[in-house]
Amino acid sequence: MNCATSEPPLEELPPSAKLVHKILEYEGKCTQKELVEETMLAQRTVRYALTRLEEQNLIETHIYFQDARQQLYSLK
């Protein structure tokens, strides 16, 4: 681990965050609902995984024009 940064590498994130990251790697942009369906994880768990990935600056959010209440997530 690099001492100059406090960000853990992907390997040190929870398994749920790794799974969500992998789904985004294969699928591209996904909504939270789509990630729940793809990963078969609870909505709360996916939300936590997305938060951890956002904290590490590994994903970005986009406007989902089909439903403005949702966001699209993708890898940076």
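This is a predicted model, so every value here is computed, not measured. (Residues numbered from 1 in each chain as written. Predicted model: local features only at pLDDT ≥ 70, side-chain atom pairs only at ≥ 80, totals over all residues. Heavy atoms only, no water.)

## Let's talk about the overall build of the protein
Thinking step 1. What the protein contains, in helices and strands, is 3 helices and 3 strands.
Thinking step 2. The N-to-C order of helical and strand elements in the protein reads α-β-α-α-β-β.
Thinking step 3. Considering only contacts in the protein between residues 6 or more positions apart, those separated by 24 or more positions represent 44%. (Helix = DSSP H or I, 4+ residues; strand = E, 2+ residues; numbered from the N terminus. Contact = heavy atoms within 4.5 Å.)

## Let's talk about the packing of helix H1 (residues 15-27) against helix H2 (residues 32-39)
Angle between the axes and distance between the axes: these two values describe a pair of packed helices.
Thinking step 1. Interhelical geometry of H1 versus H2 gives an angle of 105 degrees and a closest axis separation of 10 Å. The angle between H1 and H2 falls in the class roughly perpendicular. Contact residues: Leu19, Val20, Ile23, Leu24 and Glu27 in H1; Leu35, Glu38 and Thr39 in H2.
Thinking step 2. Counted by class, the contact of H1 with H2 contains 5 nonpolar, 1 polar and 2 charged residues. (Axes fitted to C-alpha atoms, helices over the stretch in contact; angles between N-to-C directions. Parallel < 35°, antiparallel > 145°, perpendicular 65-115°, else oblique. Nonpolar A, V, L, I, M, F, W, Y, C, P; charged D, E, K, R; others polar.)

## Details of the sheet that holds strand E3 (residues 71-75)
Thinking step 1. Strand order across the open sheet formed by 3 strands is E1-E3-E2, with antiparallel pairing between neighbours. Edge positions in the open sheet fall to strand E1 (30-31) and strand E2 (59-63), since each of these has one partner strand only.
Thinking step 2. Sheet topology places E2 next to E3; 5 bridges connect them, and they run antiparallel. Considered in E3, the bridge of isoleucine 63 is made with glutamine 71.
Thinking step 3. The sheet strands contacting helix H3 (residues 43-55) are E2 and E3, and the helix crosses E2 at an angle near 110 degrees. (Pairing = 2+ DSSP bridges.)

## Side note on the pattern of salt bridges
Thinking step 1. Across all of its chains, the model carries 3 salt bridges by this definition.
Thinking step 2. Across the pair lysine 22 and glutamate 25 runs a salt bridge whose closest N-O atoms are separated by 3.4 Å. Taken together, the positions of lysine 22 and glutamate 25, both in helix H1 and 3 residues apart, correspond to about one turn of that helix.
Thinking step 3. On the basis of relative accessibility, which here comes to 36%, the residue lysine 22 falls in the partly exposed class.
Thinking step 4. Exposure remark for glutamate 25: the relative accessible area of 42% places this residue in the partly exposed category.
Thinking step 5. Notably, a salt bridge pairs arginine 69 with aspartate 67, separated by 2.9 Å at the nearest N-O pair.
Thinking step 6. Under the relative-accessibility criterion, arginine 69 is labelled exposed at 76%. (Salt bridge = Lys/Arg side-chain N within 4 Å of Asp/Glu carboxyl O. Buried < 20%, exposed > 50% of the residue type's maximum accessible area, 1.4 Å probe, protein only.)

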